[in-house]
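Now for the letters of each chain:
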Amino acid sequence: MVKMILDVDTGIDDALAIAYAVSLPAVELLGVTTTYGMAPVDYSYRNSRKVLEALGAAHIPVYRGSEKPLKRSREYSGKIHGNDGLGETLGPVEAPAASSEHAVDYLICQIRKHQKELTIVATAPLTNLAAAITKAPEIVGMVGKVVIMGGAVMTPGNVTKFAEANIIIDPEAAGLVLESGLPITLVGLDVTRKTLLTQADVAKWKQKGTPASAFFARFTEFYLDAYSKLHPYLKGCALHDPLAVGVAVYPDLVQTVPMNVKVDLEDNALGRTTEDLYRAAEPTTLVCVQVDADRFMKSFFAHVI
Ligand SMILES: [Ca+2]
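Predicted model, so just to flag it, every value in this text is computed and none were measured.

A. Spotlight on the overall build of the chain. Broken down by element type, the chain carries 11 helices and 12 strands. For 305 residues, the compact-globule estimate of 2.2 N^0.38 gives 19 Å, and the C-alpha radius of gyration of the chain, at 18 Å, lies within 12% of that figure. When the 305 residues of the chain are sorted by exposure, 59% land in the buried category. By element, 54% of the accessible surface of the chain is carried by carbon and sulfur atoms, the whole surface being about 12,400 Å². Side-chain charges in the chain split into 29 positive and 34 negative, and the spacing between the mean points of these groups amounts to 3 Å.

Take a look at the structure:
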């Protein structure tokens, strides 16, 4: 059994990752921590709760976290995930989120409690994790595993030629996390672009006709439309965030290369994830370079939704 916390910016593919984690019998989802990302944090928080409600898992706690990058500002375009973060299915957030405990404090507390048994899957800008290890540096050596959807080591980025979204939105936080010594598995565009959901998959959810499948079909269609305009060469939309959950539970889905990874902060390559040739320490990041996409997709669709 994998004890898991999801750190998300829900987000359409975060919603699909939550659904996959909730439905996998091998996962005990302890909680969901949220941050800004594709929409402001109040949206990620509200969206995560609505997704869990739709899945019949409203008992899983959701925590509100970071509101902005460590050093930069954030503007939201709504182009890929919609202005509400979920394909315009939920609309504007009426009231700010009322979370009992800050996501960063929850993460620190749960790492201290569960230590090596805990897996954190982060599918958002890494601001919450960066804040947690800054506040409580000892957690770096305590946690079992951190699986991050982010980066593009051998393939072009999706925001710029070099950079993937979760990294470039808060590159300082990403650098801090990737150079911290945390036991990281980096699930980047190198592998996530090979996992594609298509219109035919969404049609099956529509046919199923349950409230949850109808909800998921509506926001995933928005994502497919955005992908067909922005990345027409892919013939579908990538299951970035769900693959991170898959890798956390089934590490043999991927082949990895151990590497010290750094994040470029120079303007001309901002957010690029590359090997840090100057770090002498043993690598603590496993970079995913190949994926058994068929096996992953079979598992995903057998469980979602
Ligand atoms: Ca995400």
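Here the narrative resumes.
B. Expanded view of the pattern of salt bridges. Scanning the entire structure with this criterion turns up 12 salt bridges. Close ionic contact of Glu-53 with Lys-50 constitutes a salt bridge, the shortest N to O distance being 4.0 Å. With Glu-53 and Lys-50 both in helix α2 (residues 41–54), this residue pair falls three residues apart, about one helical turn. Take Glu-53: its relative accessible area is 42%, and that puts it in the partly exposed class. A salt bridge links Asp-264 to Arg-272; the nearest nitrogen and oxygen atoms lie 2.8 Å apart.

C. Summary view of the packing of helix α3 (residues 103–114) against helix α4 (residues 127–135). Two elements in contact, α3 and α4, have axes separated by 9 Å at closest approach and are oriented at 60°. One way to sum up the angle between α3 and α4 is to call them oblique. Judged by the twist between their axes, the crossing of α3 over α4 is right-handed. Where α3 approaches α4, its residues Ala-103, Val-104, Asp-105, Leu-107 and Ile-108 are matched on the opposing element by Asn-128, Ala-131, Ala-132 and Lys-135. Partitioned by chemical class, the residues of the contact of α3 with α4 number six nonpolar, one polar and two charged.

D. How the structure looks around the coordination of the calcium ion. Here the calcium ion is held by Asp-9 (OD), Asp-14 (OD), Asp-14 (OD), Thr-123 (O) and Asp-241 (OD), and the distances to it run 2.2 to 2.6 Å. On the primary sequence, the residues serving as donors to the calcium ion are separated as D-x4-D-x108-T-x117-D. Remark: Asp-241 occurs in helix α10 (residues 240–249) and Asp-14 occurs in helix α1 (residues 12–23); sequence separation between them is 227 residues. Of the two residues, Asp-14 and Asp-241, neither departs from the other in class, the shared state being buried.

E. Structural detail: the nonpolar core. Ranked by internal contacts, the top residues of the largest apolar core, which has 61 residues, are Met-4, Leu-6, Leu-197, Trp-205, Phe-216, Val-245 and Phe-300. Residues contacting Val-245, with those up to four places away along its chain left out, are Met-4, Leu-6, Ala-17, Tyr-20, Ala-21, Leu-24 and Val-121. By size, the runner-up hydrophobic cluster in this structure holds 37 residues, among which are Leu-118, Ala-130, Val-143 and Val-289.

F. A look at the packing of aromatic side chains. Scanning all chains against the criterion turns up 11 aromatic pairs. Centre to centre, the rings of Phe-215 and Phe-219 are 5.0 Å apart; their planes meet at 90°, and the pair counts as edge-to-face. Here Phe-215 pairs with Phe-219, and both are found in helix α9 (residues 211–230), just four residues apart, close to one helical turn. Since its relative accessible area comes to 13%, Phe-215 is described here as buried. Classification of Phe-219 by relative accessible area gives buried; the value is 0%.

G. Structural detail: the layout of surface pockets. For the largest pocket, the calculated volume is near 550 Å³. Lining the largest pocket are 27 residues, and of these Met-38, Ile-80, His-81, Val-159 and Ala-165 lie nearest its centre. Mapped onto the lining of the largest pocket, the elements with two or more residues apiece are α1, α5 (165–169), α9 and α10. In terms of residue count, α5 provides more of the lining of the largest pocket than any other element does, four residues in total.

H. Looking closely at the side chain of Asp-264. When you line up the elements, Asp-264 lands in the loop between β10 (261–263) and β11 (273–275). Since its relative accessible area comes to 3%, Asp-264 is described here as buried. At 2.8 Å, the side chain of Asp-264 forms a polar contact with the side chain of Arg-272. Those residues in contact with Asp-264 that sit more than four places away from it in its chain are Ala-269, Leu-270, Gly-271, Arg-272 and Thr-274.

I. Seen up close, the sheet that holds strand β1 (residues 2–8). The mixed open sheet is built from eight strands, whose spatial order is β3-β2-β1-β4-β5-β6-β12-β9. Two strands bound the open sheet, and with one partner strand each, they are β3 (62–64) and β9 (254–259). On average, adjacent strands in this sheet sit at an angle of 25° to one another, irrespective of strand direction. Here strand β6 (residues 184–187) runs beside strand β12 (residues 285–291); their pairing, made up of three bridges, is parallel. Directly across from Thr-185, in β12, lies its bridge partner Leu-286. Each of β1, β2 (27–34) and β3 touches α2; the most contacted strand, β3, lies at about 175° to it.

The rules behind each value
Residues numbered from 1 in each chain as written. Predicted model: local features only at pLDDT ≥ 70, side-chain atom pairs only at ≥ 80, totals over all residues. Heavy atoms only, no water. Helix = DSSP H or I, 4+ residues; strand = E, 2+ residues; numbered from the N terminus. Rg over C-alpha atoms; globule rule 2.2 N^0.38 Å. Buried < 20%, exposed > 50% of the residue type's maximum accessible area, 1.4 Å probe, protein only. Areas by Shrake-Rupley, 256 points an atom, 1.4 Å probe, with all protein chains shown as cover. Lys, Arg positive; Asp, Glu negative; His and termini not counted. Charge placed at Lys NZ, Arg CZ, Asp CG, Glu CD. Salt bridge = Lys/Arg side-chain N within 4 Å of Asp/Glu carboxyl O. Axes fitted to C-alpha atoms, helices over the stretch in contact; angles between N-to-C directions. Parallel < 35°, antiparallel > 145°, perpendicular 65-115°, else oblique. Left-handed = near helix turned anticlockwise from the far one by under 90°. Contact = heavy atoms within 4.5 Å. Nonpolar A, V, L, I, M, F, W, Y, C, P; charged D, E, K, R; others polar. Donors = N, O, S within 2.8 Å, 3.2 Å for Na, K, Ca; no water. Core = buried A, V, L, I, M, F, W, Y, C linked by side-chain atoms within 4.5 Å. Phe/Tyr/Trp six-rings, centres within 6.5 Å; stacked < 30°, edge-to-face > 60°. 1 Å grid on protein atoms, 1.4 Å probe; cavity = no way out; pocket = protein on both sides within 12 Å on 5 of 7 lines; lining within 4 Å. Points joined across faces, edges and corners; volume = space filled by probe spheres on them. Polar contact = N/O pair within 3.5 Å; in protein donor to acceptor, adjacent residues only side chain to side chain. Pairing = 2+ DSSP bridges.

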